[in-house]
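If you want the building blocks of each chain, they are given just below.
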Protein chains: 2
Amino acid sequence: MSCLEFPGPLFTDLYELTMAAGYFDRQMDIPATFSLFVRPHPRRAYFVAAGLQEVVDALTRFRFSDEEIDWLVQTGRFKRDYLAYLSTLRFTGDVTAMADGEIFFPDEPVMEVTAPLIQAQIIETYLINTVGVASLMATKAARCVHAAAGLPIVDFSLRRTQGSHAGMAVARSSYIAGFSGTSNVLAGKTWGIPVSGTMAHSFVTAFESEADAFEAYANLFPDSAVFLIDTYDTLQGARNAVMVGNRMRKKGNALQGVRLDSGEMITLSQQVRRILDQAGLPGVKIFASSGFDEYALERLIAGGARIDAFGVGTRMGVSADAPYLDMVYKMVRRGGSNVRKVSQGKITLAGEKQVFRFTADGGRFLEDVIGVRGETVNGATALLRPAMQKGRPVGPMPTLEEIRARFASNFERLDQRYKRLDDADLYPVRISERLEEIQKRL
Amino acid sequence: MSCLEFPGPLFTDLYELTMAAGYFDRQMDIPATFSLFVRPHPRRAYFVAAGLQEVVDALTRFRFSDEEIDWLVQTGRFKRDYLAYLSTLRFTGDVTAMADGEIFFPDEPVMEVTAPLIQAQIIETYLINTVGVASLMATKAARCVHAAAGLPIVDFSLRRTQGSHAGMAVARSSYIAGFSGTSNVLAGKTWGIPVSGTMAHSFVTAFESEADAFEAYANLFPDSAVFLIDTYDTLQGARNAVMVGNRMRKKGNALQGVRLDSGEMITLSQQVRRILDQAGLPGVKIFASSGFDEYALERLIAGGARIDAFGVGTRMGVSADAPYLDMVYKMVRRGGSNVRKVSQGKITLAGEKQVFRFTADGGRFLEDVIGVRGETVNGATALLRPAMQKGRPVGPMPTLEEIRARFASNFERLDQRYKRLDDADLYPVRISERLEEIQKRL
C-alpha cells in the first residue's frame, strides 16, 4: 500500500481537533452517525466507489503515537486531560459502505460511520480525502473506458498526477474501472496490475538511426516489443518497424505493436495500418497516446481511427475536466436523534440510511431509492454493507480482481443514456417514504 | 517529510526501465544531461519553483532494495546482468536547479540533471511528478496571494486535495507562496507551518443553541476563538458572537474573529462589521471562506468586502483552473554532444543551460536570458545553482522560512502586469547568442 498508507491522525484539519476538544470538555462524546456523499456535479452523471480498503486499513490502525501527542502538548493549544484521552483513542465504531466498484449517484451515501462523536469527527478529513481521490479517479477512468468502446486503455499518467499518492490511486482506480494496465511499475508490484511501456522518443534519438533503436529493442524484448514510430516521420517509422518486424518474424518472434504519440491520429493510424497490412504484418497492433481524454477517444473511434489500444495520461490522471468532487461528510444522527445541517439549496438527508437499487430482469439498473437503514424495500438490493463493526473489519476485503469484475458487471448494467459523456440522462434516485417522513419531522 | 517521502525507484514508468535495459545492453550508459522545464500555459504567466528538497532527498537515497530487485526478477522481463547492475545503482550525478521560491517562466529550465544515461533516465517520472505538483501548487497559491492584496490567506484544502501527498505539498507550497498558515495539522508538525481552524457547522448544531456552542468554545480556547456565524442566520450569528465576545472581554480575554462560510460575502461582511463595531468590538476580525479561488478574492476586495482574512480550499488545493503543468524532462546533451528532440512547434533547447536574470536598480525583474551553462552574461544573476555534485547534496538546504522569504522578495520584484490573473503580459525571455548558435548547429 505504498504511498496510500495512512499518514496518521494528524492528517486532519485543526478544527477537527478543536471541535473534539469541545465535545470532550462538555462530555458530548455520544454516538453519532455521519454520511459521506457527493453533491450533484455538472460534468458527472455517476460516480464509481473506491478507497474503502484504505479507509478500513487506516481506521484499524488509528492511534496517536507518543510523538504526535508530545507535539500536540507543546503547541500549548489543548488541555492535558483531552490529550491524555486522545492518546488512548482507537476507532471503535461501525462503518457501512458501498463496496469498491459500486456505481453511485449524487446525494447517495457511499459510506456511513457510526462512532462516538470525537472519533467520527477526527477522521473526517482523511475519509473525504481518501475516498474522494480514489472515487474521482475511478469515475474519470470509467468515462474513458466507456468512450473506448471495448478497446484496451493503459494508464500513462504517473508523471503528471498530483503527487505520489494520486499516482498510485490513479493506477488502482483506473484498473478497477476497466483499464487493462498501467505504466506505473510500483502499482504493478503493489497490486499485480499489468504494467506496460516500451520506449520514449529520447530512446530512439539515442541511436544512430530509428531502425537501429528498434533493432536494439527487439533483441532485448523479442516477445513484447512495441516501437514508437513518430520520432522523425510516422510513415517512415512504420516502414522501419516493418523492416525490423520482418527480421523478428524470421527469428520466430513477433513484433507486438507500434505506437503513435503525435499528429493527426485518424489519418495516420489508417495509413500505418495499411503499411503494416501490406507488409504482411496484420497482427501488429497500433497503440496511440497523445494527450487523450474520454472526449478524444470518442472522437477518434467515431472518426474511424485504426487504433487497437490507447494510452491515456495527464488529463485522465488529474481528472482535468472535473479535478474535484464535492464530497462531504455530514452528521445525520447524534445521541439517538436524527439531525441535519440547515443550508440553502443543499440537500443533506438526516438519519442512518440505506441505498436500494432496483434492477430489471437481466440486471439492468432501473432506479435507486435512498431509504432508512433497516427498512425493507421489496425487490431491491441494499448497497451499503457492513465494512467495520466495533472497530474491526467485517470479513476479508475483496481482491482487486474481484473489485474490477464487480465494476465491469455494474457498468454493463447501466444504460448508455446515463453514460453519455455530455448531457447524460439523470439516473432516477428517489427517497423512500420513511426517509421522507424523517426529514419532515425535523 | 511524511507523505512526501520517496516511494522508491519503482515509482516510475515501465518504459524508463526498458529503455535503460537497452542502454545497458548496448553499453550506452554514457553521461547525459536532461532539462526539466514547463511549456507555455494559457492560464499561467509565471511559475514558482518548489520540490527541490524532496528531489535531493530522493536522489541521495536512490537505490533498489533486494525486494524490489526480486520482484523485477520474477516479472521475467529483464536479463539478470541488467538487474544485477540495477541492484548496485546509486545516483552519482550532478543537479543544478533553481532554489525553491524562485520565479520562472515557460521554457526556462528549472532543473538540469547530468548523470550516466541510465540514472538520469530512470528518475524522470519521479522528478516530473514531484517538482510538478509542488510547483503547480506554489504557482496557484501565489496567484491567490497576489489577489488577496496583502490580506492573510489560510490553506483549507486538505480534505479535497488529490491524495495525501498533494495535501502535504499544497500546505508547504502555499506557505512558500505567502499563505499565513494551513488547517493541515500534520503540515504544522512536519514543517512548523502555523495551523489554524476552529469549528464547523456540525459543532454549532451539536449544541442546544448557537450561543451555547460559542460559549463552550470560548471557555476552552479563550485566546484563539473564532466563531462560525452562518450556521443559521449570519446576522443573528454576529449578534450571538457579540454577546459571547463581550462576556469574554469581561474575563480579560478577547474574541479573535468570526467566520462567514456562505452567502453574499460583500454585503454580509459589511453588515457583520457594522454589528461588531457598534458593539464595541472593532478588534474582532472577519474571516471568510466559501469555495474561493484567486478570482473570487479579487472580486471580493474590489467589491469592498470587509474581510480581514481568507480561507481558500478546494479550488486552490487542486489548482482547479489549471490542474496540471506541461512539465517535461528532455535530453539535451549526451556523450559530449548537444542533442534535442525533433518535434513540431515545441521548443526544446539543446545543450546545458543557465538562466540569467536582469534586474533594475532596486531589484525589479527586467528580462531573462536562457544561455549556455558557463557563459558570462554581464550584469545578470544566474538562477541555476549546483544542488548536487557527484550524487551528494551541495551545502545545507534552506529552511522553509528562508524559502518563503526568498519568494516574497522575488514576487515583490515582479511587475504587476505579469501578475494579472488574466491577460498578463508576457515576461521577456530571450535566448543568448551562444545558445542560439548551438541550436543552429543541430
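Because the structure is a prediction, the values reported are computed rather than measured. (Residues numbered from 1 in each chain as written. Chains lettered and ligands numbered in written order. Predicted model: local features only at pLDDT ≥ 70, side-chain atom pairs only at ≥ 80, totals over all residues.)

(A) Here's a closer look at helix α7 (residues 164-176) of chain B. Residue and element names in this part refer to chain B. With 13 residues, α7 should reach 18 Å at 1.5 Å per residue; the first-to-last C-alpha distance of 19 Å fits that figure. Among the 13 residues of α7, 13 are classified as buried, and the element is accordingly described as predominantly covered. Taken from the residues just after α7, Gly178 is the one with a positive phi, measuring 115°. (Helix = DSSP H or I, 4+ residues; strand = E, 2+ residues; numbered from the N terminus. Expected span 1.5 Å × (residues − 1). Buried ≥ 20, exposed ≤ 12 C-beta atoms within 10 Å, placed from the backbone.)

(B) The sheet that holds strand β5 (residues 111-116) of chain A, seen in detail. Residues and elements named next belong to chain A. The 7 strands are arranged β13-β12-β1-β5-β3-β17-β18 in an open sheet whose pairing can be described as antiparallel. Looking along the sheet, the strands with just one partner apiece sit at the ends: β13 (337-338) and β18 (392-393). Inspection of the sheet shows strand β12 (residues 327-334) paired to β13 by 2 bridges, in the antiparallel sense. Pairing of Arg333 across the sheet is with Asn338, part of β13. This element, helix α6 (residues 124-147), spans β1 (31-38), β5 and β12 of the sheet and lies at about 135° to β12. (Pairing = 2+ DSSP bridges. Contact = placed C-beta atoms within 7 Å. Axes fitted to C-alpha atoms, helices over the stretch in contact; angles between N-to-C directions.)

(C) Just the domain arrangement of chain A, in detail. Residue and element names in this part refer to chain A. Each assigned domain of chain A is listed here: domain 1 (14-137 + 322-441) and domain 2 (147-317). Taking only C-alpha atoms into account, the centre of domain 1 sits 38 Å from that of domain 2. Taken together, the contacts link 13 residues of domain 1 with 14 residues of domain 2. Secondary-structure elements contributing two or more residues to the side of domain 1 that touches domain 2 are α6 and α15 (400-412). Considering every element that reaches the side of domain 1 that touches domain 2, the biggest residue donor is α15, with 5 residues. Each residue belonging to the side of domain 1 that touches domain 2 can be placed in one class, and the counts come to 10 nonpolar, 1 polar and 2 charged. (Domains from an automatic or database assignment. Nonpolar A, V, L, I, M, F, W, Y, C, P; charged D, E, K, R; others polar.)

(D) Expanded view of the pairing of β5(A). Residue and element names in this part refer to chain A. Burial within β5 is extensive, with 5 of its 6 residues counted as buried. Sheet topology note: the β1/β5 ladder contains 6 bridges and is antiparallel. Opposite Ala32, over in β5, you have Ala115 as the bridge partner. The pairing of strand β3 (residues 94-97) with β5 spans 4 bridges and is antiparallel. Paired with Val95 across the strands is Val113, a residue of β5.

(E) Structural detail: the interface of chain B and chain A. Each side of the interface is counted separately: chain B has 67 residues, and chain A has 68 residues. At the level of secondary structure, the elements contributing two or more residues to the side of chain B that touches chain A comprise α1 (14-25), α6 (124-148), α7, α8 (185-191), α9 (201-205), α10 (210-220) and β12 (327-334) of chain B. At 8 residues, the largest contribution of residues to the side of chain B that touches chain A is made by α1(B).

(F) Inspection of the relation of the copies chain B and chain A at higher detail. For the pair chain B and chain A, the best superposition has an RMSD of 0.0 Å and corresponds to a rotation of 180° with a translation of 0.0 Å parallel to the axis. Those values place the two copies in the arrangement expected of a two-fold rotation axis. Looking at the rotation axis and the C-alpha trace of chain B, the residue lying nearest is His165(B), at 2.8 Å. The fraction of interface residues of chain B whose copies in chain A are also interface residues reaches 99%, indicating that both copies meet through the same surface. (Least-squares fit on C-alpha atoms with pLDDT ≥ 70 in both.)

(G) Summary view of helix α13 (residues 294-302) of chain A. Residues and elements named next belong to chain A. If you check which residues of α13 are buried, you get Glu294, Leu297 and Leu300. With its buried residues spanning 125° around the axis, α13 presents them on a single face. Phi turns positive, to about 85°, at Gly304, one or two residues after α13. (Arc of directions from axis to C-beta.)

(H) Quick look at the sheet that holds strand β16 (residues 381-382) of chain B. Residues and elements named next belong to chain B. The sheet built from 4 strands is open, its strands ordered β16-β14-β15-β19 with mixed pairing. Since the sheet does not close on itself, it has two edges, and those belong to β16 and β19 (429-431), each with one partner. Pairing geometry for strand β14 (residues 353-359) and strand β15 (residues 365-372), over 7 bridges, is antiparallel. Each bridged residue has a counterpart across the sheet, and for Gln354 the counterpart in β15 is Gly371.

(I) Seen up close, unusual backbone geometry. All names here are of chain A. Despite not being glycine, Asp107 has its phi angle at roughly 75°, a positive value. Here Asp107 shows up in the loop between β4 (103-104) and β5. Assessed through the 19 C-beta atoms surrounding it within 10 Å, Asp107 is described here as partly exposed.

(J) The environment of Val38(B), seen in detail. All names here are of chain B. Tracing the backbone through its elements, the reader meets Val38 in strand β1 (residues 31-38). By C-beta crowding, Val38 is classed as buried, having 23 other C-beta atoms within 10 Å. If we ignore the near neighbours within four places in the chain, the residues touching Val38 are Phe47, Pro106, Leu325, Asp326 and Met327.

(K) Structural context of the pairing of strand β17 (residues 385-389) of chain B. Residues and elements named next belong to chain B. Note that strand β3 (residues 94-97) and β17 share 3 bridges and pair antiparallel. Within β17, the position partnered with Val95 by the bridge is Met388. Where β17 and strand β18 (residues 392-393) come together, 2 bridges link them in antiparallel fashion. Counted as the bridge partner of Met388 is Pro393 from β18. If you look at the hairpin formed by β17 and β18, you'll find 2 residues sitting between the two strands, and Lys390 has a positive phi there, around 50°.

(L) Structural detail: the environment of Arg315(B). Residues and elements named next belong to chain B. Here Arg315 lies in helix α14 (residues 314-317). Taking the C-alpha atoms as reference points, Arg315 and Thr161, separated by 154 residues in sequence, lie 9.1 Å from one another. Arg315 has contacts with Gly291, Asp293 and Ala320, leaving out every residue within four places of it along the chain.

(M) Main features of the packing of helix α3 (residues 66-75) of chain A against helix α4 (residues 80-87) of chain A. All names here are of chain A. Contact geometry of α3 with α4 gives a least axis separation of 10 Å together with a crossing angle of 165°. On the basis of the axis angle, α3 is roughly antiparallel to α4. Regarding α3 and α4, the two cross each other, and that crossing is right-handed. Contacts from Ile69, Leu72 and Val73 in α3 reach Leu83, Leu86 and Ser87 in α4. Per-class residue counts for the contact of α3 with α4 are 5 nonpolar, 1 polar and no charged. (Parallel < 35°, antiparallel > 145°, perpendicular 65-115°, else oblique. Left-handed = near helix turned anticlockwise from the far one by under 90°.)

(N) Quick look at the environment of Ala138(B). All names here are of chain B. Mapped onto the elements of the fold, Ala138 is located in helix α6. Placed 71 residues apart in sequence, Ala138 and Ser209 show a C-alpha to C-alpha distance of 41 Å. Not counting residues within four places of it along the chain, the set of residues in contact with Ala138 comprises Val48, Ala50, Ser173, Ile176 and Ala177.

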